[in-house]
Amino acid sequence: MSRRSKPAKRLPAADPVYNSVDISKFINRIMRRGKKSIAEKIFYTSMTKIEERTGEKALEIFQKAVSNATPLLEVKARRIGGSTYQVPIEVKADRGFALSSSWLIESAKKRSGKSFTDKLTNELIDASNGSGSACKKREDTHKMAEANKAFAHYRY
């Protein structure tokens, strides 16, 4: 194990439209092959469609969707004495946002529909209502952690 200090966390610059670091992180997760302008176009088009459909502020719906998809617990494999246990651990805020954003994007990709903007729009609206497949993934993760609560004393 390294004795050096941990490097400082680098945060991306806040996005120009909503002035939010979380949105710029989300856009970076959407991005493929360094094409950031395309990722931004997809996200901002999706946000305008959300405002048209719901009549609420898109930023609030985005934040609600991310918070509904963010897990509080997850399981981590830990090998002890020849057998592997699924040990439940608490999720830190940074990891929680990373998991929820990747789950939202992944479940939007799996949806049926024409364009990715439509899929992302529908997934964000569903997740803000607590009914999307990203929210289902969160519930499954919590169930797994609850089922393996007996191994919580192996936490590290």
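Just above, that's the structure.
This section reports on the structure supplied with the text.

So, how was this worked out
- Think of each chain on its own: its residues are numbered from 1, step by step along the sequence as written.
- Only residues with pLDDT of 70 or above have their local features reported here, since the model is predicted, and side-chain atom pairs are shown and tallied only from 80 upward, although totals for entire chains, interfaces and linings are computed over all residues.
- Side-chain metrics in this entry use all non-hydrogen atoms of the structure; hydrogen atoms and water are not considered.
- Salt-bridge detection follows one rule: a side-chain nitrogen of Lys or Arg within 4 Å of a carboxyl oxygen of Asp or Glu.
- Helix and strand labels come from DSSP, where a helix needs a run of H or I of at least four residues and a strand needs a run of E of at least two; each type is numbered from the N terminus.
- Categorising residues by exposure relies on relative accessible area from a 1.4 Å probe, with only protein chains included: less than 20% of the type maximum marks a residue as buried, more than 50% marks it as exposed, and the intermediate range marks it as partly exposed.
- To form a nonpolar core, buried Ala, Val, Leu, Ile, Met, Phe, Trp, Tyr and Cys residues must be joined to one another through side-chain atoms within 4.5 Å.
- A contact between two residues is defined here by any heavy atoms of the two lying within 4.5 Å.

**A word on the pattern of salt bridges**
So, point 1. Taken as a whole, this structure holds 9 salt bridges when the rule is applied.
So, point 2. A salt bridge links Asp-140 to Lys-136, with the shortest nitrogen-to-oxygen separation between them at 3.4 Å. You can see Asp-140 and its partner Lys-136 sitting in helix H6 (residues 133–147), 4 residues apart, about one turn around the helix.
So, point 3. For Asp-140, a relative accessible area of 37% gives the class partly exposed.
So, point 4. Glu-146 is the salt-bridge partner of Lys-149, the closest N and O atoms lying 3.0 Å from each other.
So, point 5. According to the relative accessible area criterion, Glu-146 is partly exposed, its value standing at 46%.
So, point 6. Because the salt bridges share partners, they merge into one network encompassing Arg-111, Glu-123 and Asp-126.

**Considerations on the nonpolar core**
So, point 1. Counting residues in hydrophobic clusters, the biggest one holds 30 residues, and the most contacted among them are Phe-26, Ile-30, Phe-43, Phe-62, Leu-104 and Leu-120.
So, point 2. At the level of elements, helix H1 (21–30), helix H2 (36–54), helix H3 (58–69), helix H4 (93–110), helix H5 (116–129) and H6 are the ones that each hand at least two residues to this core.
So, point 3. With near-sequence residues (within four places) excluded, Phe-26 lies in contact with Phe-43, Phe-62, Ser-101, Leu-104, Ile-105 and Leu-120.

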